[in-house]
Amino acid sequence: MRHFGHISPAVRESLFFREPCEFDAGSSSHLLSVALGATLYSPATRPRLADDVIKQTGQGVVSMVLCLEDSIDDAEVVGAEANLVRQFADLDARNADVPLLFVRVREPEQITDLVRRLGSSVRLLSGFVLPKFTEERGELFLEALTAAEADSGHRLFAMPVLESPELLHLETRGETLQGIARTVDKYRRRVLALRLGVTDFCSAYGLRRAPDMTAYDVQIVGAVIGDVVNVLGRSDGTGFTITGPVWEYFRLQERMFKPQLRRSPFMGQAEELRTALIEHDLDGLLREIELDRANGLLGKTCIHPSHVLPVHALSVVSHEEYTDARDILRPERGGGGVLRSAYTNKMNEVKPHRAWAERTLQRAEVFGVAREDVGFVELLAAGVTS
């Protein structure tokens, strides 16, 4: 699989200076953690789940979570587990191309039980999403995952969700973060990425952000994100990939504030695309994606297919970013120093910008580098019309 693999090679060549690389479920954990992109959630109760997975694969989705937790009623869990086993067998029998597939469980016991029940179709499973992750709960989840991997002989990753009240509350946040850090470091090779459960954060205070606002506009949420990145997202080799929070909106809502998308990037035929994005409340999503990256997050939890392409389009490295990153990392710059960017519009300071440059080239490998005259509007339009 590859990002933008659903569009034709000719169109892809016209968009990219450097095309996204190919990868699969057997690729290195480091590459996969960057490549997750827009991770699409789906309730495990859907009767045609196998068809849904194949359809989304054909529309550019590279990672999905099949959910047995908050997206379904407590009374549906047993039926959802049985449905999940059937749908995996269906996908296996079709020998279908599938994205990276994860199952979000409720309790540690579900991990070993489901892996056993999946049988040979476990080969299609990339791992589990672990909800309300704390040191105590996390240890139990990760022990179960380790046992399931040993029993099945199949590599399984974990994606803990950081969403517990202990993490949100100021008086327990520091201790909770340190406990989480100890746990994920102990199981480092199994932890693919850390996910943020912002909906649960808001729930603890009876809050819900409007479509005109990002998670960062809710200051109590923004503060938690900052602390999580501070402890768990460092670029010194101790950090993890941390993914962006879910965007809840996908239908037309009455607006209180004017749209956030400027007209200038959409002049000409792309004006229709701008209108469509605004009508579906995706202008707020675009702003939040930009803020995610500015705050050290990569990828995003998505609950609607319309969110996938914007996440991927804004994850592509611009030609300017790529040029700056390459210049900063040239071997002859190992001693540091300052240089003017090739675009002559900024200062590149070699030592302070090195970690940024390394992360940018990692993103460039999996999402590609746009041609000099290609921006996110062209990438969005190509994905919409493919």
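Provided above is the structure to which this section pertains.
These numbers were taken from a predicted model, which means no experiment stands behind them.

1. Some details on the pairing of strand 5 (residues 125-130)
Here is step 1: Within strand 5, six of the six residues are buried, which leaves the element mostly enclosed by the surrounding structure.
Here is step 2: Taken together, strand 4 (residues 100-104), helix 5 (residues 108-118) and strand 5 constitute a β-α-β crossover, and its handedness is right-handed.
Here is step 3: Relative to strand 6 (residues 157-162), strand 5 runs parallel, the two sharing four bridges. Counted as the bridge partner of Leu130 is Pro160 from strand 6.
Here is step 4: A crossover connection joins strand 5 to the parallel strand 6 through helix 6 (residues 135-152); in handedness this β-α-β unit is right-handed.

2. What about the nonpolar core?
For soluble globular proteins, the rule of thumb is that nonpolar side chains tend to be buried together.
Here is step 1: With 76 residues, the main nonpolar core has Phe128 and Leu232 as its most contacted residues.
Here is step 2: Excluding its chain neighbours within four sequence positions, the residues that come into contact with Phe128 are Phe102, Val103, Val105, Ile111, Leu114, Val115, Leu145, Leu156, Phe157, Ala158 and Met159.
Here is step 3: One finds Leu31, Leu32, Leu192 and Ala382 within the second-largest nonpolar core, a separate group that totals 33 residues.

3. Quick notes on the packing of aromatic side chains
Here is step 1: Scanning the entire structure with this criterion turns up three aromatic pairs.
Here is step 2: With a centroid separation of 6.1 Å and an interplanar angle of 65°, the aromatic rings of Trp247 and Tyr249 are classed as edge-to-face.

4. Concerning the sheet that holds strand 7 (residues 195-196)
Here is step 1: Ordered by their spatial adjacency, seven strands build an open sheet running 7-6-5-4-3-2-8, and the pairing between neighbours is parallel. Unpaired on one side and paired on the other, strand 7 and strand 8 (300-302) mark the two borders of the sheet.
Here is step 2: Strand contacts of helix 5: strand 4 and strand 5, with the helix running at about 160° to strand 5, the strand carrying the most contacts.

5. Comments concerning the environment of Leu285
Here is step 1: With respect to the helices, strands and loops of the structure, Leu285 is situated in helix 12 (residues 282-294).
Here is step 2: When sequence neighbours within four positions are dropped, the list of residues in contact with Leu285 reads Trp247, Lys300, His307 and Pro310.

6. Examining the packing of helix 3 (residues 49-58) against helix 4 (residues 77-94)
Here is step 1: Viewed as axis vectors pointing N to C, helix 3 and helix 4 meet at an angle of 50°, and their least axial separation amounts to 8 Å. For the element pair helix 3 / helix 4, the angle class is oblique. In contact with Leu49, Ala50, Asp51, Val53 and Ile54 of helix 3, helix 4 contributes Asn83, Leu84, Gln87, Asp90, Leu91 and Arg94.
Here is step 2: Class assignment of the residues belonging to the contact of helix 3 with helix 4 gives a composition of six nonpolar, two polar and three charged.

7. Things to note about the pattern of salt bridges
Here is step 1: For the coordinates displayed, the defined rule picks out 34 salt bridges.
Here is step 2: A salt bridge links Lys132 to Asp70, with the nearest nitrogen and oxygen atoms 3.5 Å apart. With Lys132 in the loop between strand 5 and helix 6 and Asp70 in the loop between strand 3 (63-67) and helix 4, this pair connects stretches of sequence that are 62 residues apart.
Here is step 3: Its relative accessible area of 27% is what places Lys132 among the partly exposed residues.
Here is step 4: One connected set of salt bridges, linked through shared partners, spans Glu69, Asp70, Arg104, Lys132, Glu163 and Asp200.

8. Digging into unusual backbone geometry
Glycine aside, a negative phi is what most residues show, and trans is what most peptide bonds show.
Here is step 1: Not every positive phi belongs to a glycine, and Asn95 is a case in point at roughly 50°.
Here is step 2: Along the chain, Asn95 turns up in the loop between helix 4 and strand 4.
Here is step 3: One non-glycine residue, Thr344, lies in positive phi territory at about 55°.
Here is step 4: With respect to the helices and strands, the residue Thr344 is situated in the loop between strand 9 (338-340) and strand 10 (347-349).

9. Description of the state of the cysteines
Here is step 1: All chains considered together, the criterion is met by zero disulfides.
Here is step 2: Not engaged in a disulfide, the cysteine Cys21 finds its nearest cysteine sulfur in Cys302; these two sulfurs lie 20 Å apart.
Here is step 3: On the accessibility criterion, Cys21 (16% relative accessible area) is buried.
Here is step 4: Cys302 provides the cysteine sulfur closest to Cys67, a residue in no disulfide bond, and the two sulfurs are 14 Å apart.

10. Examining the side chain of Ser164
Here is step 1: Counting through the fold element by element, Ser164 comes out in the loop between strand 6 and helix 7 (165-168).
Here is step 2: Classification of Ser164 as buried rests on a relative accessible area of 4%.
Here is step 3: Residues within four places of Ser164 in sequence aside, it is in contact with Phe133, Thr134, Thr176 and Phe201.

Procedures and definitions
- All residue numbers refer to position in the chain's written sequence, counted from 1.
- Only residues with pLDDT of at least 70 are given local features in this predicted model, and only at 80 or more are side-chain atom pairs given and counted; all residues enter the totals for whole chains, interfaces and linings.
- Hydrogens and waters are ignored; side-chain quantities use all the structure's heavy atoms.
- Think of it in three bands: with a 1.4 Å probe and only protein chains considered, a residue is buried below 20% of the maximum accessible area for its type, exposed above 50%, and partly exposed in between.
- Secondary structure elements are taken from DSSP: a helix is a run of H or I of four residues or more, a strand is a run of E of two residues or more, and numbering for both begins at the N terminus.
- A crossover gets the label right-handed when its path from the first strand over the helix to the second runs clockwise, viewed with the strands pointing away from the viewer.
- For two strands to be treated as a pair, DSSP must find no fewer than two bridges joining them.
- To define a nonpolar core, start from buried Ala, Val, Leu, Ile, Met, Phe, Trp, Tyr and Cys residues and group those joined through side-chain atoms within 4.5 Å.
- We call two residues contacting when some pair of their heavy atoms lies within 4.5 Å.
- Only the six-membered ring of Trp is used, alongside the rings of Phe and Tyr, when aromatic pairs are assigned; centres must lie within 6.5 Å, and planes under 30 degrees apart are stacked while those over 60 apart are edge-to-face, with the rest tilted.
- Angular values range over 0 to 180 degrees, each being the angle between N-to-C directions of two axes fitted as lines to C-alpha atoms, with helices fitted over their stretch in contact.
- What sets the label is the angle itself: under 35 degrees gives roughly parallel, over 145 gives roughly antiparallel, 65 to 115 gives roughly perpendicular, and the rest give oblique.
- We call Asp, Glu, Lys and Arg charged. Ala, Val, Leu, Ile, Met, Phe, Trp, Tyr, Cys and Pro are nonpolar, and the rest, Gly among them, are polar.
- We define a salt bridge as a side-chain nitrogen of Lys or Arg found within 4 Å of a carboxyl oxygen belonging to Asp or Glu.
- Two cysteine sulfur atoms make up a disulfide if the distance between them is within 2.5 Å.

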